[in-house]
Amino acid sequence: MQVPICGFDAKNAILCPQCEAKLEAGQLTKADVDASIKIAKLAKTNSEIDKFTLFSCREVAGEFVLYLAKSDIEVIRKSRTLYRTLQGEFPGKIWIVESEANDRRFIEDLFFPTKILSINVVWVPGGIQKTKVIVSGKWTTRFPIDVNKVTNIVKQLRELDVVIEFEEGQRR
């Protein structure tokens, strides 16, 4: 298991002077520390989680975005039980994204398992750049992903203005 803080710190839920200094300097966030401790706790009883590499964690309006290795994401996506185990440790919803992802991949990860048809950059009057995301299917009240939360996460973490449209022509 690899996490942003020392493995010893994560397992004992106490920061060493080095990690404390990184936190104070802004190299680590409180979400990084909390997520590291939670994942280390789960790793004690789950061998799959013990193999994970958590690069960082960001908190956006009570939601947690976990930046993991691509191989770890594949493991989580194959097991709903593993996802629920991780989700159970966090007070808000968790979003799993690839650590090395470009903007397109980041948005696709947030929308998983929904298919994204296209992601384009659009210039609107006034010289403002927006990112237009076209999602497969039709929006209903039972749509599994809160598009407003996705928009907010992308805005906060990637500084992109996102407009989400559905294949059936509805804009959210």
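The model shown is predicted, which means the values in this text are computed figures rather than measured ones. (Residues numbered from 1 in each chain as written. Predicted model: local features only at pLDDT ≥ 70, side-chain atom pairs only at ≥ 80, totals over all residues. Heavy atoms only, no water.)

### Looking at the side chain of Thr-131
Just so we agree on the cut-off: Counting from the N terminus, the helices are DSSP H or I runs at least four residues long and the strands are E runs at least two residues long. The contact definition used throughout considers only heavy atoms, calling two residues in contact when any of these lie within 4.5 Å.
Following the sequence through the fold, Thr-131 ends up in strand E5 (residues 128-135). Those residues in contact with Thr-131, other than ones at most four positions away along the chain, are Ile-107, Ile-119, Asn-120, Leu-160, Asp-161, Val-162 and Val-163.

### Examining the sheet that holds strand E3 (residues 94-98)
For clarity, the threshold we go by: When DSSP finds at least two bridges between two strands, those strands are taken to pair. Interaxial angles span 0 to 180 degrees and are taken between N-to-C directions of axes, which are lines fitted to C-alpha atoms, for helices over the stretch in contact.
Across the sheet, which stays open at both edges, the 3 strands sit in the order E1-E2-E3 with mixed pairing between neighbours. Every interior strand has two partners, whereas the edge strands, strand E1 (54-60) and E3, have only one. Pairwise comparison of adjacent strand axes, ignoring direction, gives a mean angle of 20° for this sheet. By the bridge criterion, 5 bridges tie strand E2 (residues 63-68) to E3 in an arrangement that is parallel. Bridged to Leu-68 within E3 is Glu-98. Packing against the sheet, helix H3 (residues 30-43) makes contact with E1 and E2, and its axis sits at approximately 120° to E1.

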